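# Fold and contact review
Residues per chain, in single letters:
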Amino acid sequence: GVSGDTVVRDVKLRPQRAQAYVSIMRGCNMPCTYCIVPTTRGAEVSRPMAQIVEEAQRLCDDGATEICLLGQTVNAYGRDLAEAATLATLLRQLHAIPSLRRLAFITSHPNFVTAELIDALAELPKIARYLHFPAQSGSTAVLKAMRRGYTRERYLQDITAFERIYGMHLSLGEKHSTFKKKEMPTHHTKYHVDLFPMVDRVLANGEVIFEAGKYLV
């Protein structure tokens with residue numbers, strides 16, 4: 001549950017004994033033009049940090065060794081809480097659970113990448129070196145029309161910050177074949193922007209992310 005909920009999770013009810021998903025927030029405050037989530041799920045509501053840590057501890061006591069934190073914009077966690085809570089602070093508290101071996105989170109939004117979060121990712125070895133980080137577009141004009149709240153340049157700055165983390169892989173969540181199908185119709189439009197002129201900058205698990213000569217629109 002989240003703030004205000006009274007349901008206490010039965011930690012034994014999960015598909016995989018060694019793996020568990022933990023919701024840390026629900027809803028979304030981002031008014032993207034194409035998205036219905038804020039309407040259907042409401043505004044952001046973050047769970048109290050102590051409640052999340054307690055649930056994670058119970059999961060680990062029951063055999064879980066890997067936990068993935070869930071949120072529509074998971075790195076916006078804590079903005080609505082009275083306590084000084086951030087995703088980075090939460091990651092550090094969860095990282096301290098001795099029997100937890102791997103910690104991940106999904107999905108991140110470029111607007112909420114902070115130096116504090118980058119430091120946590122770089123310093124905590126249990127955190128998975130994989131980040132789902134959708135760009136949505138390589139055109140600032142398109143991003144503005146989508147009301148994403150960031151520019152192409154801001155996204156590139158975030159990528160540069162992530163590069164300091166050893167072994168980090170970033171994913172747009174698209175396979176190469178899917179990416180190519182969407183790329184082709186844009187070749188002769190003003191939005192066909194060479195977003196990342198970097199050789200093999202970020203490749204993860206067979207998914208095309210940022211390669212030299214590839215385009216993201």
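Throughout, residues of each chain are indexed from 1 in the direction in which the sequence is written. Given that the model is predicted, a residue must reach a pLDDT of at least 70 before its local features are reported, and side-chain atom pairs must reach 80 or more before they are shown or counted; all residues, however, enter totals for whole chains, interfaces and linings. Computation of side-chain values: all heavy atoms of the structure, hydrogens and water removed.

## Things to note about the environment of Ile 106
Within the secondary structure, Ile 106 is located in strand S5 (residues 102–106). The contact definition used throughout considers only heavy atoms, calling two residues in contact when any of these lie within 4.5 Å. Apart from the residues within four sequence positions on either side, Ile 106 is in contact with Cys 68, Leu 69, Leu 70, Gly 71, Val 74 and His 132. Runs of E in the DSSP output that reach at least two residues are strands. Runs of H or I that reach at least four are helices, and both are numbered from the N terminus.

## Quick notes on the packing of helix H3 (residues 87–95) against helix H4 (residues 115–123)
An axis is simply a line fitted to the C-alpha atoms; with a helix, the fit covers only the stretch in contact. Between two such axes, the angle follows the N-to-C directions and lies from 0 to 180 degrees. Between H3 and H4, the least distance of the axes is 8 Å, while the angle of their chain directions is 25 degrees. Taken together, the axes of H3 and H4 lie roughly parallel to each other. The handedness of the crossing between H3 and H4 is left-handed. Contacts between H3 and H4 involve Leu 87, Ala 88, Thr 89, Leu 91 and Arg 92 on the former and, on the latter, Glu 116, Leu 117, Asp 119, Ala 120, Leu 121 and Glu 123. By the definition adopted for this analysis, an angle is roughly parallel if under 35 degrees, roughly antiparallel if over 145, roughly perpendicular if from 65 to 115, and oblique otherwise. Throughout, a crossing is termed right-handed when the near helix is turned clockwise from the far one, and left-handed when it is turned anticlockwise from it by less than a right angle.

## Quick notes on the pairing of strand S1 (residues 19–23)
Residues Ala 20 and Val 22 point to one face of S1 and are all buried, whereas Gln 19, Tyr 21 and Ser 23, pointing to the other face, are not buried. Following DSSP output, two strands are said to pair if at least two bridges run between them. In this sheet, strand S4 (residues 66–70) lies alongside S1 in parallel orientation, the contact comprising five bridges. Its bridge partner lying in S4, Val 22 is registered against Leu 69. Note on exposure labels: buried denotes an accessible area under 20% of the residue type's maximum, exposed denotes more than 50%, and partly exposed covers the range between, all computed with a 1.4 Å probe on protein chains only.

## So, the pattern of salt bridges
Should the charged atoms of two oppositely charged side chains come close, the side chains can pair. Here a salt bridge means any side-chain nitrogen of Lys or Arg lying within 4 Å of a carboxyl oxygen belonging to Asp or Glu. The tally for this structure, following the rule as stated, stands at 12 salt bridges. One salt bridge in this structure joins Arg 102 and Glu 66, with 3.4 Å as the shortest N-O distance. Of this pair, Arg 102 sits in strand S5 while Glu 66 sits in strand S4, and the two are 36 residues apart along the sequence. Accessibility expressed as a relative area gives 40% for Arg 102, which makes it partly exposed. Its relative accessible area of 22% is what places Glu 66 among the partly exposed residues. Counted as one network, the salt bridges with shared partners bring together Lys 12, Arg 14, Arg 17 and Asp 62.

## Let's talk about the environment of Thr 40
On the secondary structure map, Thr 40 appears in helix H1 (residues 37–41). For Thr 40, a relative accessible area of 53% corresponds to the exposed category. Between the C-alpha atom of Thr 40 and that of Cys 28, which follows or precedes it by 12 residues, the distance is 9.6 Å.

## A short note on the nonpolar core
Definition used in this section: a nonpolar core is a set of buried Ala, Val, Leu, Ile, Met, Phe, Trp, Tyr and Cys residues joined via side-chain atoms within 4.5 Å. Core analysis: the largest hydrophobic core is formed by 45 residues, its most contacted members being Ile 24, Ile 67, Leu 69, Tyr 77, Leu 91 and Phe 105. Every element with two or more residues in this core is listed here: S1, helix H2 (49–61), S4, H3, S5, H4 and helix H6 (152–162). A total of six residues in this core trace back to one element, the largest contributor, which is H2. With sequence-adjacent residues up to four places away left out, Tyr 77 is seen in contact with Ile 24, Met 25, Ser 46, Arg 47, Pro 48, Met 49, Ile 52, Ala 85, Thr 86, Leu 87 and Leu 90. Listed in part, the six residues of the second largest apolar core include Met 30, Val 37, Ala 76 and Phe 112.

## Examining the pairing of S4
Taken together, the five bridges between S4 and S5 define a ladder with parallel strand orientation. Bridge assignment links Leu 70 to a residue of S5, and that residue is Ile 106.

## Quick word on unusual backbone geometry
Here Ile 106 and Thr 107 are connected by a cis peptide whose omega angle stands at 0 degrees. With respect to the helices and strands, Thr 107 occurs in the loop between S5 and H4.

## Details of the side chain of Ser 108
As for its placement among the helices and strands, Ser 108 is situated in the loop between S5 and H4. For Ser 108, a relative accessible area of 4% translates into the label buried. When sequence neighbours within four positions are dropped, the list of residues in contact with Ser 108 reads Val 74, Asn 75, Leu 131, His 132, Phe 133 and Pro 134.

## Observations regarding the environment of Tyr 21
If you trace the backbone, Tyr 21 turns up in strand S1. Residues Tyr 21 and Leu 69 lie 48 residues apart in sequence; the distance between their C-alpha atoms is 6.0 Å. Ignoring anything within four residues of it in the chain, the contact list for Tyr 21 reads Arg 9, Cys 68 and Leu 70.

## So, the confidence of the model for the protein chain
Residues at a pLDDT of 70 or more form 76% of the protein chain, whose mean pLDDT is 81. Within the model, pLDDT remains below 50 along residues 192–217, and this stretch shows 80 contacts once partners closer than five positions in the same chain are excluded. Known as pLDDT, the predictor's per-residue confidence is scaled from 0 to 100.

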